[in-house]
Amino acid sequence: MELRPSRRSVLAGLLGSSTAASLPGAAWAQATPRRGGSLIVAADSEPRNLNPAIVASNGVFYVASKVIEPLAEQSYDGNGLAPRLATAWHGSPDGRSVTFTLRPGVTWHDGRPFSSADVAFSALEVWKKLQNLGRVVFKDLEAVDTPDATTAVLRFAKPTPFQLIQNALPALTAVVPKHVYEGSDINANPANTRLIGTGPFRFVEHRPGQFYRLERNPNYWDSGKPYLDAIVYRVLPDPGAVAAAIEANQIQLAAFSSVPLADLARIGRVPGVAVVTKGYEGITYQLTVEINHRRKELADVRVRRAISHAIDRKFVVDTVFLGYAETATGPVPKFDKQFHTADVTTPGFDPRRAEALLDEAGYRRGGDGVRFKLRLLPAPFFEQTRQFGDYLRQALRAVGIDAEIVRNDTPGHLRAVYTDHAFDLTVGSPVYRNDPAISTTILYQGGLPPGVPFSNQYGYNDPQMNALIAKAAETVDAGERSRIYRDFQKLAGEQQPIIHVAEFTFISVTRDRLRNVANNPRWATSNWADAWLAS
Amino acid sequence: MRAANRFFSGGGIVGTMLVAGVAIAALLAPVVAPGDPLALIGRPLIEPFTDWRFPLGTDRLGRDVLAELLHGARATLIVGGAAMLATLIVGIVIGTLAGFIGGTVDEALMRLADAFQSVPTFILALAFVSIAGPSLTSVVIAVSLGAWTAPARVLRAEILSLRRREFVDAYRVLGMAPLHIAFREVLPNALPPVITLAAVIVANAILVEAALSFLGLGNPNSVTWGAMIAEGRAVFRSAPFLSAIPGVAIVVTVLGVNLLGDAANDAINARQAQV
Amino acid sequence: MTAPLLTVENLSVVFRQGPKQVRAVDGVSFTLRPGGRLAIVGESGSGKTSVALALAGLLPRRGVERGGSIRWPSLGNSVCAGRDVGVVFQDPMSSLNPVLTVGEQVAEVAVTHLGLSWDEASLRAGELLERVGLPQPHDMADAYPHQLSGGQRQRVALAMALAAGPKLLIADEPTTALDTLTQAQIVKLLDRLARDTRLALILITHDLVLARGMVETGMVMNSGRVVETEPIDALLSSPRHAYTRVLLEATLDPDAPPARKAKKLPGPPLLRLSGLRKGFGRGVRRVTAVDGVDLTVMKGETLGVVGGSGSGKTTLARLIVRLLEPEAGEIEFTGLDLLAHRGAALRQTRARLQMVFQDPLSALNPLATVRRLLSDPLRIHGHVAPVDREAAVIGLLHRVGLSPDLADRYPHELSGGQRQRVNIARALASRPELLVLDEPVSSLDVSIRAQILKLLDDIQRDLGLSYLFISHDISVIRAVADRVAVMDNGRIVELGTADAIFTRPSHPLTRALIDAAPRLHRKAL
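Residues numbered from 1 in each chain as written. Chains lettered and ligands numbered in written order. Predicted model: local features only at pLDDT ≥ 70, side-chain atom pairs only at ≥ 80, totals over all residues. Heavy atoms only, no water.

Some remarks on the overall build of chain C
Now for step 1: If you tally the helices and strands in chain C, you get 19 helices and 19 strands.
Now for step 2: On C-alpha atoms alone, chain C measures out to a radius of gyration of 25 Å, which is about the 24 Å that the 2.2 N^0.38 rule sets for 525 residues.
Now for step 3: When its C-alpha atoms are laid out on the principal axes, chain C stretches across 70 × 55 × 45 Å.
Now for step 4: Burial analysis of chain C (525 residues in total) assigns 54% to the buried set.
Now for step 5: A separation threshold of at least 6 residues defines the contact pool for chain C, and within that pool the share at least 24 residues apart is 70%. (Helix = DSSP H or I, 4+ residues; strand = E, 2+ residues; numbered from the N terminus. Rg over C-alpha atoms; globule rule 2.2 N^0.38 Å. Buried < 20%, exposed > 50% of the residue type's maximum accessible area, 1.4 Å probe, protein only. Contact = heavy atoms within 4.5 Å.)

Next up, the structure:
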């Protein structure tokens, strides 16, 4: 009797472990795609307004990006962008206009032709006026010229960097049909819940509490695509249920880390299941300690640097994130080669140096070993923000700062931090969206009105920082602009107005018969025209 | 004598041992596990019984599970005890007033009790804590909010029947002040059934506190068993001991308190049969 | 010679509770012929009820040891309680099911034991209810127990006991809870029924006098043992045993001359009631319990108030001590308008106007020691300095004939007589001028009753108190009262000196009450 394992089983084992170790979906792209089949995926939330042109958030994109397309999508290849509704774009040297060449022969799901008028309408009436992110990026948009059906020229009142517009294309430029929205209350239009777009899938049905159903758009401009007949989003808010469903092959994808990190190692060993860590680089989250500079202790840069020294970022990545994250040095994540610089003076883990700095700042340990007390508000957004709060409390205690944890639900937390400023430290998780000007510099810019969530409500108002941000905003030259943002990172590293601890994205768990997974940096929120199910 | 015999029968002994065990754990917590039980002092996720420094292992952040368990016993007993006291005080005052004064006062107080009882205890607690913010005091108040109606009703019924006894008339004829009669003379006679309710209140308070902590509405700056379970839930498939250990602690404590309550009930019944 | 119905030999009943055991019945033997009548006479704790329960097979299974033998030679030995032995208890309310009509309850017994159909049983129930003397028995059959009076309930209980045609009826204190007039009716009924159906009867009672005329044989029990068993007339006329004599001497004779001759008492009345009225309920359910009562109590006298149950006696007592507010009328106490008193003034007046309640156990707080019970009035009225309170408590205990050793006892640790003494002591503590005594001896054993009446007499003599003495028992009133008021339906129907009332009763009710009283000797007509 031969007890040696067969070659086939060894090979299968190797393959299994290699999928678990997150090979990019591109590895399968060579195989011949198979048409047909319904993809069933888990959804943990049900946004009421599904219109991505109004609500630029991941929960909306997850469903809507298959129906309504942006002008361009992020890509691992080339200059980082792949064409969608626009085939070419270039900016004028003075930064006052950007010209888009649009894809011809595209029709809306209701059969009407797509044209530059739709882009003009979307840009002026929706992105600029209504969209959470577009209100910042397109604030100086003055007019959109449409010399012909396939050309749209965005004109700006002030120089607006072409680099910023380019970086904003994937998330901020979902195009909606003018003929559906024009003359109506855009926010209340029924098409916000029954989407009409140009994408590879048509919106069919939403049953609240149960599912969304999308079906193949037979007239999609990219002929031959999509491969899937339908996509069904099953509403599964409970993480345990998601893990069980994917193990039972009832769903083929659990995106956005809906399977808990702690369960990944185990579920990765289940045959037919793959854990994929790629495909979210374009929507990197940052674990930060946000600081209320109104506290006199925290207004002192030495205290802020001491806090930064007290945090063991490696420990946080290994225990809180179980290794599914990277340590951070500043406001631009490492993935963004365009802007990131490692040349910063962000304080590393060094509790002794932290104590020395605190002593130097005049906050010596009292009889009970405590230098001063703080209120610490961990954001309730992720399990990791809460857990890091527990860690931070202990890390601060080690250097003599007594932080009392105050927990709130999401509305309570937003009010306490961004309106009432009733906090000393808070654990935050801002999103980096491909360009510092989209949602990052707003966290550093001084003099903003109170009440705006995810903006600088920290009482930080540094003239040097404000000047850098203002200068970058009007710098049209990409190289120069990137250089300014590197200075911005250096200054942030020095002053530590916000302490960056880790960068994390999401993890997908898939059945391995789902192919072309994670083949772009915003994969979960891209159009899935090339995704297919092996038999 | 006989009451005591009745108390120390099977369930009573087990209940006493369980509760005493938890109480000793709570008392010894600062000795056995000095310092902050939330301190991150070990390698994360050490299995129980594998490292003598951490007999029950460590959690996801490297906290000593034994230290958390012992300090959690304190929080649990403090919440249980404080909630019982608050509940009994409110219940006794309202029940006694309603039963003794009767009429409109009784009617009003009992409708108030109806209003509180028509909302499930836990929902009431949840609503209160989410408004008042999580802290020991708010958890105690939250538990009492839903629990006071039981002792109030029991007490009212007792007082109503005692009120007809001639000794109450005798005190009135003596010129004793009505509130004095109600609280000093009648109330003690009505207490035995309420005392057995106390065990139910403690057990319920422990469970509500655990549930609130589990939902993240406990006091985040102290260890509680409910919070430990919630914390362990994320790694339940790979490290089930993190949830199981505090879970067993809750079961043991609630079981002990209930056995103790039953035994007290038997003893009181035996005593009353004697009287 | 027919076989005896029942032979009891050396019966003993021992109750066990943990390590403690109580020998309730100790070596009791007797026989009963078919149709024979026996009274088991004894005071509380004598074991008489345990004998009855043993005979009926109703002793609890747990914690009880029964010794000796009970045999039924003429019945075979399979005796079934309910079928062969009917039982009537003291409190008819607790032996009836509150949610069934009385007709159903009687019929149910017949269905269970005689195997009758419901229709037949209902018919039989109607006959039985008629036989026990219920008025309009067919309407009564549809009534629920709470709609009946106490006497009517006892008749229903009797009908149930007789429904299966038993050979023996055990009646355990069947009249104790009833007033004098009803008591006499039930006694007559029992007598007639036993005679008509050749039913054997065992009457359990504390009252020797009640047994006379109903039974042939009297068996006196004390502390679980039989003291003597004699034909009833012999027992009453020439008791041999000392204990029987004690019982007899304590028995009040309703035909004796009134104990007190009316004194001429000077001065204004201590208490004056005029036009006092109080009702309960509203509309058609309204009952006027006290309806325009005028009375006076002079200093140093005892005014006896007598009447049947529901006559308004207790309401009157509670009105006087301000436990109830009258709807109309005036109460004048020592010349003061008592109804005008509120708050502190009322408290002061209360010290001078105290009450002794009917049920000595219920009137004492179970959780208070005797010392605390007696200290309360001293503390409330503050007429004794705190340092002197202990001495005052001891003095009060002496005054009512109790040992100071009892000061640390709780009420449940005292005997019935001791409890009533404590109640009296408490009432005396605030140095009252008037005591309202609401049936102060009706729940006590005969021998104790005599002692308490003696005590009250002594106290009155020594302290010059006035008593308003309420009782349903005309014999008791005769023994204590200077003047007597007879109450019926909330009104005073006759008022006069004891001498006048007992020798020349003018109201029919007064006469009926006097006639109904159980007597040691047949009344000379």
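That covers the picture; the talk isn't over yet.
Here we look at helix α3 (residues 65-101) of chain B
Now for step 1: The first and last C-alpha atoms of α3 of chain B sit 52 Å apart over 37 residues, in line with the 54 Å expected at 1.5 Å per residue.
Now for step 2: Between a side-chain oxygen at the N-terminus of α3 of chain B and the backbone nitrogen of L66 of chain B the separation is 3.0 Å; the capping residue is D64 of chain B. (Expected span 1.5 Å × (residues − 1). Polar contact = N/O pair within 3.5 Å; in protein donor to acceptor, adjacent residues only side chain to side chain.)

Description of the side chain of R216 of chain A
Residue and element names in this part refer to chain A.
Now for step 1: Mapped onto the elements of the fold, R216 is located in strand β9 (residues 211-216).
Now for step 2: By relative accessible area, R216 is classed as buried at 16%.
Now for step 3: A distance of 2.6 Å separates the side chain of R216 from the backbone oxygen of P226, its partner in a polar contact.
Now for step 4: Among the polar contacts made by the side chain of R216, one reaches the side chain of D229 at a distance of 2.4 Å.
Now for step 5: In contact with R216, other than residues within four places in its own chain, are R35, G36, P200, F201, R202, P226, Y227, L228 and D229.

Some words on the packing of aromatic side chains
Residues and elements named next belong to chain A.
Now for step 1: With the rule as written, the count across this model stands at 27 aromatic pairs over all chains.
Now for step 2: Ring geometry for Y62 and F256: centres 5.3 Å apart, planes at 85°, overall edge-to-face. Placement of Y62 in helix α2 (residues 58-64) and of F256 in the loop between β11 (253-254) and α8 (261-267) is noted, with a sequence separation of 194 residues between them. Neither residue differs from the other here; Y62 and F256 are each classed as buried. (Phe/Tyr/Trp six-rings, centres within 6.5 Å; stacked < 30°, edge-to-face > 60°.)

Quick look at the pattern of salt bridges
Now for step 1: Tallied over the entire structure, the rule returns 71 salt bridges over all chains.
Now for step 2: The residue R111 of chain B makes a salt bridge to E107 of chain B at a minimum N-O spacing of 2.5 Å. Of this pair, R111 of chain B and E107 of chain B both sit in helix α4 (residues 103-117), 4 residues apart, which is roughly one turn of that helix.
Now for step 3: The class for R111 of chain B is partly exposed, based on a relative accessible area of 41%.
Now for step 4: Through salt bridges with shared partners, one network takes in D390 and R407 of chain A together with D59, R63, E68 and E231 of chain B. (Salt bridge = Lys/Arg side-chain N within 4 Å of Asp/Glu carboxyl O.)

Considering the sheet that holds strand β15 (residues 353-356) of chain C
Strand pairing in a sheet relies on backbone hydrogen bonds. The paired strands run either parallel or antiparallel.
All names here are of chain C.
Now for step 1: What the 6 strands build is an open sheet, ordered β15-β16-β17-β12-β18-β19; its pairing is mixed. Each of the sheet's edge strands pairs with one partner strand only, and the pair in question is β15 and β19 (491-497). Adjacent strand axes in the sheet meet at a mean angle of 15°, parallel and antiparallel pairs treated alike.
Now for step 2: Pairing analysis gives 5 bridges linking strand β12 (residues 302-307) to strand β18 (residues 483-488), with the strands arranged parallel. Paired with G307 across the bridge in β18 is M487.
Now for step 3: Against the sheet, helix α15 (residues 416-429) makes contact with β15 and β16 (434-438), and its axis sits at roughly 175° relative to β15, the strand it touches most.
Now for step 4: Together, β12, β16 and β17 (466-471) form the strand contacts of helix α16 (residues 446-463), whose direction differs from that of β17 by roughly 160°. (Pairing = 2+ DSSP bridges. Axes fitted to C-alpha atoms, helices over the stretch in contact; angles between N-to-C directions.)

A look at the domain arrangement of chain C
Residue and element names in this part refer to chain C.
Now for step 1: Assigned domains of chain C: these are domain 1 (269-352 + 432-516) and domain 2 (364-431).
Now for step 2: The gap between the C-alpha centroids of domain 1 and domain 2 is 25 Å.
Now for step 3: Residue-level contacts link 18 residues of domain 1 with 13 residues of domain 2.
Now for step 4: A salt bridge links D462 to R399; the shortest N-O distance between them is 2.9 Å.
Now for step 5: Listing elements by their share of the side of domain 1 that touches domain 2, those giving two or more residues are α12 (343-351) and α16.
Now for step 6: For the side of domain 1 that touches domain 2, the element with the most residues is α16, which contributes 9 residues. (Domains from an automatic or database assignment.)

Some thoughts on the domain arrangement of chain A
Residues and elements named next belong to chain A.
Now for step 1: In terms of domains, chain A is made up of domain 1 (7-50 + 199-281 + 506-533), domain 2 (72-186) and domain 3 (284-504).
Now for step 2: Domain 2 and domain 3 are separated by 34 Å when their C-alpha centres are compared.
Now for step 3: On the domain 3 side, the residues contacting the 17 residues of domain 2 number 17 residues.
Now for step 4: When domain 2 packs against domain 3, close to 1,300 Å² is buried across both sides, 57% of that on carbon and sulfur atoms.
Now for step 5: Summed over the shared surface of domain 2 and domain 3, the result is 0 salt bridges. (Buried area = accessible area lost by both parts, 1.4 Å probe.)

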